[in-house]
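# Overview (structure and organization)
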Amino acid sequence: MKKTILSLTILAGLFAACQQNKTTEQKIDSLATTPDTNASKAKACYVYIKDKDTVSLSLITAGNAVAGSLNYNFYEKDKNAGTIAGIIKGDTIIADYTFQSEGSTSYRQVSFIKKGDQLLEGYGPTQEADGRRVFTNIAGLKYGDITLSPVNCK
């Protein structure tokens, strides 16, 4: 278990270091500083279920670094399953989502905001940058179409 947590902490640190070379770093810098990997770690799980659609999110946080798994399963659409790694600033998570869909690996930016004990997924205009979809204006994101509620982690 300690090796898993250490690995996730190192992954989050490497993610932060790699971000400095990307054009989106300026946007992310306005939201966060370097991850505090010396802080205690916590695990939390969330789920969204509506009709036949589900979204599940499992997060491990260490200071302002976050990593975990994110899965989308929308009825009659391709399933997306992958990992996220990013940062937390205040009540907002900004992360890179690496996922498998239709037999290929894709990358896009995701955002969640904490409201009470729930996480609301952010959405807004995106653009292609360095082979992944990124938000064009993180500060202008809208939240609430997908609201994830806390559940016990398995």
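Heads up: the structure comes first, above all this text.
Residues numbered from 1 in each chain as written. Predicted model: local features only at pLDDT ≥ 70, side-chain atom pairs only at ≥ 80, totals over all residues. Heavy atoms only, no water.

## Describing the overall build of the chain
Keep this limit in mind: Where helices and strands are cited, they refer to DSSP runs of H or I of at least four residues and of E of at least two residues respectively, numbered from the N terminus. Using a 1.4 Å probe on the protein chains alone, a residue whose accessible area is under 20% of its type maximum counts as buried, one over 50% counts as exposed, and one in between counts as partly exposed. Contacts are residue-level and defined by heavy atoms, with any inter-residue pair within 4.5 Å sufficient.
Across its full length, the chain holds two helices and 10 strands. Listed N to C, the secondary structure of the chain is α-α-β-β-β-β-β-β-β-β-β-β in terms of helices and strands. A total of 154 residues make up the chain; the buried ones form 38% of that total. Pairs at least 24 residues apart make up 42% of the contacts formed inside the chain by residues separated by at least 6 positions.

## So, the state of the cysteines
Here is the rule we go by: Disulfides are defined in this document as cysteine sulfur pairs within 2.5 Å.
Summed over the entire model, instances satisfying the criterion amount to one disulfide. Here C45 pairs with C153 through a disulfide, and the sulfurs are 2.1 Å apart. Disulfide C45-C153: torsion about the S-S bond near 115°, hence right-handed. One end of the pair, C45, is in strand 1 (residues 41–50); the other, C153, is in the segment after strand 10 (142–151), with 108 residues separating them in the sequence. Look at C153 and you get partly exposed, because its relative accessible area is 32%.

## Comments concerning the environment of T147
Within the secondary structure layout, T147 lies in strand 10. Overall, T147 belongs to the partly exposed group, its relative accessible area being 24%. With 34 residues separating them along the chain, T147 and I113 place their C-alpha atoms 9.6 Å apart. Every residue in contact with T147, bar those within four places of it in the chain, is listed here: V47, Y48, Q118, L119 and L120.

## Thoughts on the pattern of salt bridges
A side chain with one charge may pair with a side chain of the opposite charge, provided their charged atoms come close. In plain terms, the rule: The term salt bridge refers to a side-chain nitrogen of Lys or Arg lying within 4 Å of a carboxyl oxygen of Asp or Glu.
Per the counting criterion, the structure on display carries three salt bridges. Across the pair D96 and R132 runs a salt bridge, and its minimum N-O distance is 2.2 Å. Linking D96 in strand 5 (residues 92–101) with R132 in strand 9 (residues 132–135), this pair joins segments that are 36 residues apart in sequence. Taking the relative accessible area as the measure of exposure, D96 reaches 12% and is therefore buried. For R132, a relative accessible area of 5% corresponds to the buried category.

## Describing the pairing of strand 10
Worth spelling out the cut-off: Paired strands, as defined in this entry, are two strands with at least two bridges between them according to DSSP.
The pairing of strand 1 with strand 10 spans three bridges and is classified as antiparallel. Note on strand 10: the bridge partner recorded for C45 is V151. For strand 7 (residues 118–123) and strand 10, the ladder comprises four bridges, and the chain directions are antiparallel. When the sheet's bridge partners are listed, G122 is paired in strand 10 with Y143.

## Things to note about the nonpolar core
Nonpolar side chains tend to gather and get buried jointly when the protein is soluble and globular. To be explicit about the condition: Only buried Ala, Val, Leu, Ile, Met, Phe, Trp, Tyr and Cys residues count toward a nonpolar core, and they belong to the same one when joined by side-chain atoms within 4.5 Å.
Counting 19 residues, the largest nonpolar core has L57, L70, F112 and L148 as its most contacted members. Elements with a minimum of two residues in this core: strand 1, strand 2 (53–62), strand 3 (65–73), strand 4 (80–89), strand 5, strand 6 (104–115) and strand 10. Here the element with the most residues in this core is strand 5; it accounts for four residues. Here L148 is in contact with Y46, V47, Y48, V55, L57, F112, Q118 and L119, once residues within four sequence places are set aside.

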